[in-house]
Amino acid sequence: HRSASISRAQATVAALDLAVESFYHDNGYYPTSSLRRVASYTDIGWSCQFTNSWLLYQQLTQGPKVYCKFQADQLRSYSTLTVIIDPWGKPYVYFNPAIYTNQNLSWEVSSCAKYSQFRPDIASDGPDRLSNEFGGTSDDITNYGKTRWR
């Protein structure tokens, strides 16, 4: 079951990566993300991770073009908000832009338009369900192996 869940998360990260690339080609920028929480949902405890999964779902599915379709067990709804969840029940990590500005992995967040040449980060926290804002843990499933530059 563990290896099937890992394979499914890998496939979803790859599908999301393709979807955001298609979105970029159509719109000239990647889907946006935020460093803010959805105010009325801060009790969920997922803060930015929750917010960005919701924003990504909205941008990929609610426009004139659907960039990615999801199965029911890949989504979790909270009232009117829907987030994309990994096989372990946590929202996928999505950050755009996530620009690493030095070797200490400090990052700068600015407008999409200014930094549209950078690929967004997409990840699952993996089987341990632990997140770490400075690079994750060893079992995370990510698109980070791809170049950040267009």
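Structure report, in brief.

**Some remarks on the pairing of strand S2 (residues 81-84)**
Inference 1: Because side chains alternate across S2, one face comprises the buried residues Leu81 and Val83, and the other comprises Thr82 and Ile84, equally buried.
Inference 2: As paired strands, strand S1 (residues 75-78) and S2 are joined by four bridges and run antiparallel to one another. Within the sheet, the bridge partner assigned to tyrosine 78 lies in S2 and is leucine 81.
Inference 3: Between the antiparallel neighbours S1 and S2 lie two residues, among them serine 79 with a positive phi of about 55°.

**Brief notes about the pattern of salt bridges**
For side chains bearing opposite charge, pairing can occur when the charged atoms are close.
Inference 1: Counting across every chain of the model gives three salt bridges.
Inference 2: Between aspartate 73 and arginine 8 there is a salt bridge, with its nearest N and O atoms 2.6 Å apart. Linking aspartate 73 in the loop between helix H2 (47-61) and S1 with arginine 8 in helix H1 (residues 2-27), this pair joins segments that are 65 residues apart in sequence.
Inference 3: Judged by relative accessible area, aspartate 73 falls into the partly exposed class, the value being 46%.
Inference 4: Taking the relative accessible area as the measure of exposure, arginine 8 reaches 30% and is therefore partly exposed.
Inference 5: Here lysine 65 makes a salt bridge to aspartate 26, at a shortest N to O gap of 2.9 Å. Here lysine 65, found in the loop between H2 and S1, pairs with aspartate 26, found in helix H1; they are 39 residues apart in sequence, far enough to count as distant.

**Considerations on the sheet that holds strand S7 (residues 141-142)**
Inference 1: The strand order across the open sheet built from three strands is S3-S6-S7, with neighbouring strands paired in antiparallel fashion. Whereas interior strands pair on both sides, the edge strands pair on one side only; in this sheet they are strand S3 (93-95) and S7.
Inference 2: As defined by bridge partners, strand S6 (residues 121-124) adjoins S7 across two bridges and the pair is classed as antiparallel. Within S7, the residue paired with serine 124 across the bridge is isoleucine 141.
Inference 3: Sheet contacts for H1: S3, S6 and S7; angle to S6, the most-contacted strand, approximately 160°.

**Quick notes on the packing of aromatic side chains**
The geometry of two aromatic rings is summed up by the distance between their centres and the angle between their planes.
Inference 1: Enumeration over the complete set of coordinates arrives at five aromatic pairs.
Inference 2: Ring plane angle 50° and centroid distance 5.8 Å describe the contact between tyrosine 57 and phenylalanine 70, whose orientation is recorded as tilted. Of this pair, tyrosine 57 sits in helix H2 while phenylalanine 70 is found in the loop between H2 and S1, placing the two residues 13 residues apart along the sequence.
Inference 3: Grouped by ring-pair contacts, the aromatic residues Phe23, Tyr29 and Tyr67 constitute a single cluster.

**Side note on the side chain of serine 53**
Inference 1: Along the polypeptide, serine 53 turns up in helix H2.
Inference 2: The buried category is assigned to serine 53, whose relative accessible area is 1%.
Inference 3: For serine 53, the residues in contact, after removing those within four places along its chain, are Thr82, Val83, Ile84, Pro91 and Tyr92.

What counts and what doesn't
Residues numbered from 1 in each chain as written. Predicted model: local features only at pLDDT ≥ 70, side-chain atom pairs only at ≥ 80, totals over all residues. Heavy atoms only, no water. Buried < 20%, exposed > 50% of the residue type's maximum accessible area, 1.4 Å probe, protein only. Helix = DSSP H or I, 4+ residues; strand = E, 2+ residues; numbered from the N terminus. Pairing = 2+ DSSP bridges. Salt bridge = Lys/Arg side-chain N within 4 Å of Asp/Glu carboxyl O. Contact = heavy atoms within 4.5 Å. Axes fitted to C-alpha atoms, helices over the stretch in contact; angles between N-to-C directions. Phe/Tyr/Trp six-rings, centres within 6.5 Å; stacked < 30°, edge-to-face > 60°.

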